[in-house]
Amino acid sequence: MDVEALFSSRDHWTESWKLNVELIESLRIGPPAGQTDLAVAVTLTQLLHQDFVSYGTDCKDMRLNDDNVQLVIKAHRAVLERLALEPPVWPFRTFDGPHGFGTYWRNHDMRNSWQARRDCIESILGPTRDTLEQLQELEYESRFTQRPPGRFKNLIFAADGAKPEIVLRDAVNNDVEIVRNADNCLIFSDTLPLQGLTWRQMIAWWIKNYDPDSDEQTAANSLYRRLFRSLDSPPEQLLLITYCARYAQPDGLDLPALIPQVYLHYDPYTRKSGKQSGSLYRQRMDFLLLPPDGSRIVIEVDGVQHYSHKNPPDEQGNVTHTASPRLYSQMVAEDRRLRLSRYEIYRFGGWELTQPHGEQLLTDFFDELLKQHRPPTSA
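Residues numbered from 1 in each chain as written. Predicted model: local features only at pLDDT ≥ 70, side-chain atom pairs only at ≥ 80, totals over all residues. Heavy atoms only, no water.

Caption draft 1: Quick look at the overall build of the protein. Secondary structure summary: the protein contains eleven helices and twelve strands in total. Looking at the protein residue by residue over its 379 residues, the buried ones come to 42%. Restricting to contacts in the protein with at least 6 residues of sequence separation, those with at least 24 account for 59%. Split by element, the accessible area of the protein, about 21,000 Å² in all, is 50% carbon and sulfur. (Helix = DSSP H or I, 4+ residues; strand = E, 2+ residues; numbered from the N terminus. Buried < 20%, exposed > 50% of the residue type's maximum accessible area, 1.4 Å probe, protein only. Contact = heavy atoms within 4.5 Å. Areas by Shrake-Rupley, 256 points an atom, 1.4 Å probe, with all protein chains shown as cover.)

Caption draft 2: Local environment of the nonpolar core. Counting 47 residues, the largest nonpolar core has Phe157, Trp199, Leu239, Tyr247, Leu258, Ile299 and Phe366 as the members making the most contacts within it. Take this core: its biggest share by element is six residues, from helix H6 (residues 199-209). Those residues in contact with Ile299 that lie beyond four places of it in its chain are Leu239, Leu258, Asp286, Phe287, Leu289, Tyr346, Phe348, Phe365 and Phe366. In this structure, Leu6, Leu38, Val40 and Leu48 belong to the second largest nonpolar core, which totals 38 residues. (Core = buried A, V, L, I, M, F, W, Y, C linked by side-chain atoms within 4.5 Å.)

Caption draft 3: Summary view of helix H11 (residues 358-372). An ideal rise of 1.5 Å per residue puts 21 Å on 15 residues; H11 measures up with 21 Å between its terminal C-alpha atoms. Within H11, burial applies to Gly358, Leu362, Phe365, Phe366, Leu369 and Leu370. The buried residues of H11 occupy an angular sector of 120° when projected down its axis, which confines them to one face. Here the buried face of H11 lies against helix H8 (234-244), strand S8 (284-289), strand S9 (296-302) and strand S12 (343-349). (Expected span 1.5 Å × (residues − 1). Arc of directions from axis to C-beta.)

Caption draft 4: Structural context of the pattern of salt bridges. Applying the stated rule across the entire model yields 13 salt bridges. Close ionic contact of Asp160 with Arg229 constitutes a salt bridge, the shortest N to O distance being 3.5 Å. Residue Asp160 is found in the loop between strand S3 (155-157) and strand S4 (165-170), and its partner Arg229 is found in helix H7 (residues 216-229); the two are separated by 69 residues along the sequence. The partner of Arg200 in a salt bridge is Glu216, with the nearest N and O atoms 3.2 Å apart. You can see Arg200 sitting in helix H6 and its partner Glu216 sitting in helix H7, a full 16 residues away along the chain. Arg200 sits in the partly exposed class, given a relative accessible area of 31%. By relative accessible area, which is 35% here, Glu216 ends up partly exposed. Among the charged side chains, a salt-bridge network with shared partners connects Glu122, Arg129 and Asp130. (Salt bridge = Lys/Arg side-chain N within 4 Å of Asp/Glu carboxyl O.)

Caption draft 5: Region of the structure containing the pairing of S9. With seven of its seven residues buried, S9 lies for the most part within the structure. Of the two faces of S9, the one holding Arg296, Val298, Glu300 and Asp302 and the one holding Ile297, Ile299 and Val301 are both buried throughout. The pairing of S8 with S9 spans three bridges and is classified as antiparallel. Bridge assignment links Leu288 to a residue of S9, and that residue is Val298. (Pairing = 2+ DSSP bridges.)

Caption draft 6: A look at the sheet that holds S12. Pairing within the open sheet is mixed, and its four strands lie in the order S7-S8-S9-S12. Both edges of this open sheet fall to strand S7 (259-263) and S12, since each of them pairs with a single strand only. Mean inter-strand twist for the sheet, computed between neighbouring axes without regard to direction, equals 40°. Pairing of S7 with S8, which is carried by four bridges, proceeds in the antiparallel orientation. Residue pairing in the sheet places Val262 in a bridge with Met285 of S8. (Axes fitted to C-alpha atoms, helices over the stretch in contact; angles between N-to-C directions.)

Caption draft 7: Geometry of empty space enclosed by the protein. With the rule as written, the count across this model stands at one cavity of 30 Å³ or more. Reported here for the largest cavity is a volume of approximately 30 Å³. Taken together, Ile73, His76, Arg77, Pro87, Pro88 and Trp90 form the lining of the largest cavity. Here the residues of the lining of the largest cavity sort into four nonpolar, one polar and one charged. (1 Å grid on protein atoms, 1.4 Å probe; cavity = no way out; pocket = protein on both sides within 12 Å on 5 of 7 lines; lining within 4 Å. Points joined across faces, edges and corners; volume = space filled by probe spheres on them. Nonpolar A, V, L, I, M, F, W, Y, C, P; charged D, E, K, R; others polar.)

Written out as structure tokens, the structure is:
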């Protein structure tokens, strides 16, 4: 939550700030929608610290006045109490006047020292700020407790043609090698940063491995075209197009990369042998996102072949399908296995993405998904 969010408007002629009094009063009851008490407490602490320090030095960039600073202090106290924290003790409540900061520093030998006034504000708000930072760090770490187990090693994706054949070249180091059809797919084996796998990182990897003479924009377009070629389903293509439109937005290259046709595992033996009890049916997922909170998000677009068998054409050449409980059971069994491995799975029916509202449906979905998986530091 930014400090500016506490103000309803700003007069750019006088550079004065107008506090959203209704919002500040509401904070004494609870945080606004989409925010937490911790985020609100951090913002209010920051605002009070900045304004009192500013008043004690040069009075520049102040946002509050004697009337509304008292409202902010009251809201600050209420939010801290909801967090079970001890509110700071204020020896003054305003900037000016008999109970103001100015009177206080003149009565406590700080008349000729800006640093002494800053130290005074630090002694009041510093412990609160430090405690809130510790809570933020705990919240940050807690977002990683439910991440999938194991270490990111290889990402094999965007197969365009015959399926790759994979062997475990070094079982000790878990090194894999594609021994056939390697040219049909891409392999990302760089270290996965804490902030997840972003489009900007994918572009840097693409330049290093496939297009060393390109600038970032040219490489981005080239990589996008290569990823698009791995999709032959219009609903899947619509999903990629809709999400990738976000990369053109400000800071869009720092969004999680949407990776198509990712090989989740490779199981060429049990399926061929007919011993279905150990078979892993879903060898490839439609899309994968690796956001900055450490989660792994699988997005599937289900065509009719996922849950039914195709019937021979009738006399008129019409093709129908028959629902298959076996196919459906295999699909949901794989979903259960992935969820127990702490993956998130979201499914779209291919049919719904062919409807007129398909693009808007995807836009709304990604809006909410990215909001829930925003970088921990923005909490």
